[in-house]
Amino acid sequence: MANRPQKSVAAKANKSARPPRPQISFEAARLLCPTEAQAVSIAAAFGLSTPDYLGIRAAHEKLLRETALAFDDALNEKAAQMHFQRVVGTYVASAQGAGRFYSEKVTEARTLTAKLANDIRDEDRDAPAGFESKAQRARQFAADLAMQSYALLAAAQGAIDAYLEITGEDWKPYVAQREGETVERKSTAAEMGAFG
């Protein structure tokens, strides 16, 4: 029985030692994902199809609007706002995560490609004729991720557009209150209540 509190303390210590999750925002996703011009350029260079940004955006906006209509009167205004805030947050987090992964893989592809240009290093030589090099595979993977993150950004933007139409407000990411802030607010409210 004496071990349980120690485990709880250790678990809490590990939880507080973890770095905080990055704040999700459409602006961050937009900075991490390729622009339209970049997506078109990458698609042309690698022989890929450029995702239909406007079509994906419109389809996701329509999907969320139809979802809101399906609820009919089951959700009051506040419940609908909370629900769709979370739903849209998932789309934005997905685009932001894909954009972050894409950005990391572009950096990796650049590093591998730069190593190939160095004539002194033998271990970074290109692959034998007819085979893809590690750098080529990295560039192709980054290009595939560019198309994916660009498409997910379109879905997120469509979801945000729908949120504005459903709630009449701009979407903002949910920010959980820290426990200390809640206690402090309660304490402040109790102190102010004493003044009458």
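About the thresholds
Residues numbered from 1 in each chain as written. Predicted model: local features only at pLDDT ≥ 70, side-chain atom pairs only at ≥ 80, totals over all residues. Heavy atoms only, no water. Helix = DSSP H or I, 4+ residues; strand = E, 2+ residues; numbered from the N terminus. Buried < 20%, exposed > 50% of the residue type's maximum accessible area, 1.4 Å probe, protein only. Contact = heavy atoms within 4.5 Å. Areas by Shrake-Rupley, 256 points an atom, 1.4 Å probe, with all protein chains shown as cover. Core = buried A, V, L, I, M, F, W, Y, C linked by side-chain atoms within 4.5 Å. Salt bridge = Lys/Arg side-chain N within 4 Å of Asp/Glu carboxyl O. Axes fitted to C-alpha atoms, helices over the stretch in contact; angles between N-to-C directions. Parallel < 35°, antiparallel > 145°, perpendicular 65-115°, else oblique. Left-handed = near helix turned anticlockwise from the far one by under 90°. Nonpolar A, V, L, I, M, F, W, Y, C, P; charged D, E, K, R; others polar. Expected span 1.5 Å × (residues − 1). Arc of directions from axis to C-beta.

Chemist: Describe the overall build of the protein chain, listing the residues and the values that go with them.
Modeler: The helix and strand tally for the protein chain stands at seven helices and zero strands. For the protein chain, the succession of helices and strands along the chain, N to C, is α-α-α-α-α-α-α. When burial is assessed residue by residue, the protein chain has 27% of its 196 residues classed as buried. Here the contacts in the protein chain between residues at least 6 apart in sequence split such that 81% fall between residues at least 24 apart. For the protein chain, the computed accessible surface area is about 13,700 Å², with 56% contributed by carbon and sulfur atoms.

Chemist: Explain the nonpolar core to me, using residue names and the numbers behind them.
Modeler: Val88 and Leu153 are the most contacted members of the largest nonpolar core, which totals 30 residues. Mapped onto this core, the elements with two or more residues apiece are α2 (26-32), α3 (36-46), α4 (53-71), α5 (77-116) and α6 (134-167). Among the elements that line this core, the one with the most residues is α6, at 13 residues. Aside from chain neighbours lying at most four places away, what touches Val88 is Leu64, Ala159, Ile160, Tyr163 and Trp171.

Chemist: I'd like a rundown of the pattern of salt bridges, residues and numbers included.
Modeler: Under the defined criterion, the tally for this structure stands at five salt bridges. The shortest N-O distance in the salt bridge between Lys105 and Glu108 comes to 3.1 Å. Residue Lys105 and its partner Glu108 are both found in helix α5; the two are separated by three residues, about one turn of the helix. Judged by its relative accessible area of 18%, Lys105 is buried. Taking the relative accessible area as the measure of exposure, Glu108 reaches 37% and is therefore partly exposed. Ionic contacts of the salt-bridge type, sharing partners, join the residues Glu61, Arg65 and Glu165 into one network.

Chemist: An account of the packing of α5 against α6 is needed here, citing residue identities and associated values.
Modeler: Put simply, α5 and α6 touch, their axes get as near as 8 Å, and they point 160 degrees apart. Compared by their axis directions, α5 and α6 come out roughly antiparallel. When the axes of α5 and α6 are compared, the crossing they make is left-handed. The residue inventory of the contact of α5 with α6, partitioned by class, reads 26 nonpolar, seven polar and three charged.

Chemist: Tell me what's going on with the packing of α4 against α6, and back it up with residues and numbers.
Modeler: Their axes nearest at 7 Å, the elements α4 and α6 cross at an angle of 40 degrees. In terms of their interaxial angle, α4 and α6 are classed as oblique. As for how α4 packs across α6, the hand of that crossing is right-handed. On the side of α4, the interface is formed by Tyr53, Ile56, Arg57, His60, Glu61, Leu64, Arg65 and Ala68, while α6 contributes Tyr150, Ala151, Leu153, Ala154, Ala155, Gln157, Gly158, Ala159, Asp161, Ala162, Glu165 and Ile166.

Chemist: Any details on unusual backbone geometry? Residues and values, ideally.
Modeler: Positive phi values are uncommon outside glycine, yet Asp72 reaches one of about 55 degrees. A relative accessible area of 61% places Asp72 in the exposed class.

Chemist: Can you break down α4 residue by residue, with the values?
Modeler: Between the first and last C-alpha of α4 there are 28 Å, a value that for 19 residues agrees with the 27 Å anticipated at 1.5 Å per step. When α4 is considered as a whole, its buried residues turn out to be Tyr53, Glu61, Leu64 and Ala68. Around the axis of α4, the buried residues are gathered within 65 degrees of arc, so they sit on the same side. Turned more than 90 degrees away from the buried face of α4 sit Leu69 and Ala70, all of them exposed. Buried positions along α4 lie against α2, α5 and α6. Downstream of α4 by one or two residues, Asp72 has phi in the positive range, about 55 degrees.

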